[in-house]
Amino acid sequence: MNPYFNKRTVTVVIVSLVCILLLWMLGLGFGNETRLSKNTGAALFGSDVYLGTWFVFMMLVPIGFGIPYLVVRFVFRESIHDYGFSLGDVKAGVIVMLILLPLYVLSPLAPASIGTEKYYTYLTESGFLKPLNVALHAVSYAAFVFGFEFLFRGFVLFGLNKGMGENAAGKWIAVAASAALSALCLIGLPWIFPVSALLGGVPMGLLNVRLRSIVYAAFFHWNVGVWSDVWEIIKLNISRTLW
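Below is a short write-up of the structure. (Residues numbered from 1 in each chain as written. Predicted model: local features only at pLDDT ≥ 70, side-chain atom pairs only at ≥ 80, totals over all residues. Heavy atoms only, no water.)

## Structural notes on the layout of surface pockets
Okay, step 1: The space that makes up the largest pocket amounts to roughly 840 Å³.
Okay, step 2: As for the largest pocket, its lining consists of 39 residues, and the residues nearest its centre are Tyr 141, Phe 193, Ser 196, His 221 and Val 224.
Okay, step 3: For the lining of the largest pocket, the elements supplying multiple residues, two or more each, are α3 (50-75), α6 (109-113), α7 (131-163), α9 (192-211) and α10 (215-242).
Okay, step 4: No other element matches the 9 residues that α9 contributes to the lining of the largest pocket.
Okay, step 5: Across the lining of the largest pocket, the residue classes tally to 24 nonpolar, 10 polar and 5 charged. (1 Å grid on protein atoms, 1.4 Å probe; cavity = no way out; pocket = protein on both sides within 12 Å on 5 of 7 lines; lining within 4 Å. Points joined across faces, edges and corners; volume = space filled by probe spheres on them. Helix = DSSP H or I, 4+ residues; strand = E, 2+ residues; numbered from the N terminus. Nonpolar A, V, L, I, M, F, W, Y, C, P; charged D, E, K, R; others polar.)

Printed below as a string of structure tokens:
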């Protein structure tokens, strides 16, 4: 059988595409994050539009983690530890995160500079911009990151790599495919997010393979997202002061 097209690799790709479609249907991207708030008229964390975003964050857990877990456990009959759900090489992981600290604090300045608050309008709502609400948002975003990272840089990355024999060619194909699928999932959001997922997904995927863990890339992803919002909020406050 072709080493690139076998039961495992085809299953991994199909399952990931199904998960992406489910997330789109539930409101990820294309301006649909506000749909739930508009339909219910419900506010959350001091925002009139945040409920839909929070709902998508929460749904990444059953979709991004739950569905792949069921496939790994009952179709492949394997442990999720083999798909990056472990601490892996802790010493190397901690060192890498410390080295990358300036990057995940400063790289979010790029999204903040292009006006993503026009999409994430809750960042302009005074009710949302209270310390407790922002903290709850950061915790909620961790659920999104967990599901997203396990789906693409756990299930897809390690699943494809295992399916292709865990050789050098298989590793690079798996890394590229996981980055491409993660970018596809973010289509419909501001352009910088799918582009960042595509370009950043390659080094993060290689890091996951080296460390045998999704934990460190997930930590990096979470920090980038939180700092992106922090810089947006700072920018908005400075703008209001100046004008």
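## Re a nonpolar patch on the surface
Okay, step 1: Together, Tyr 4, Phe 5, Val 10, Ile 14, Val 18, Leu 22, Met 25 and Ile 173 make up an exposed nonpolar region whose accessible area comes to about 740 Å².
Okay, step 2: Take the nonpolar patch: its biggest share by element is 5 residues, from helix α1 (residues 7-26).
Okay, step 3: When you line up the elements, Phe 5 lands in the segment before α1. (Patch = residues over 30% accessible without salt bridge, like charges linked within 9 Å, V, L, I, M, F, W, Y side chains within 5 Å. Areas by Shrake-Rupley, 256 points an atom, 1.4 Å probe, with all protein chains shown as cover. Salt bridge = Lys/Arg side-chain N within 4 Å of Asp/Glu carboxyl O.)

## Description of the nonpolar core
Okay, step 1: Phe 144, Phe 152 and Phe 155 are the most contacted members of the largest nonpolar core, which has 51 residues in total.
Okay, step 2: Only α1, α3, α7, α8 (168-185), α9 and α10 provide two or more residues apiece to this core.
Okay, step 3: Ranked by residue count, the leading element in this core is α7, at 13 residues.
Okay, step 4: For Phe 152, the residues in contact, after removing those within four places along its chain, are Ile 20, Leu 157, Ser 178, Leu 181, Ser 182 and Cys 185.
Okay, step 5: Counting residues in hydrophobic clusters, the runner-up holds 11 residues, among them Met 97, Tyr 104, Val 105 and Leu 211. (Core = buried A, V, L, I, M, F, W, Y, C linked by side-chain atoms within 4.5 Å. Buried < 20%, exposed > 50% of the residue type's maximum accessible area, 1.4 Å probe, protein only. Contact = heavy atoms within 4.5 Å.)

## Structural notes on the packing of aromatic side chains
Within a pair of aromatic rings, the relevant descriptors are the distance that separates the centres and the angle that separates the planes.
Okay, step 1: Using the criterion set out here, one finds 23 aromatic pairs in the structure.
Okay, step 2: Geometrically, the ring pair formed by Phe 65 and Tyr 69 is stacked, given 5.9 Å between the ring centres and 20° between the ring planes. Of this pair, Phe 65 and Tyr 69 both sit in helix α3, separated by 4 residues, roughly a single helical turn.
Okay, step 3: Looking at Phe 65, the relative accessible area reads 16%, which means it is buried.
Okay, step 4: Clustering of aromatic rings is evident, with ring pairs tying together Phe 45, Tyr 50, Tyr 119, Tyr 120, Tyr 122, Phe 128 and Phe 193.
Okay, step 5: Lying across the ring of Phe 76, Arg 8 places its NZ or CZ 4.6 Å from the centre.
Okay, step 6: If you follow Arg 73 out to its NZ or CZ, it ends over the ring of Phe 74, 5.2 Å from the centre. (Phe/Tyr/Trp six-rings, centres within 6.5 Å; stacked < 30°, edge-to-face > 60°. Lys NZ or Arg CZ within 6 Å of the ring centre and 35° of its normal.)

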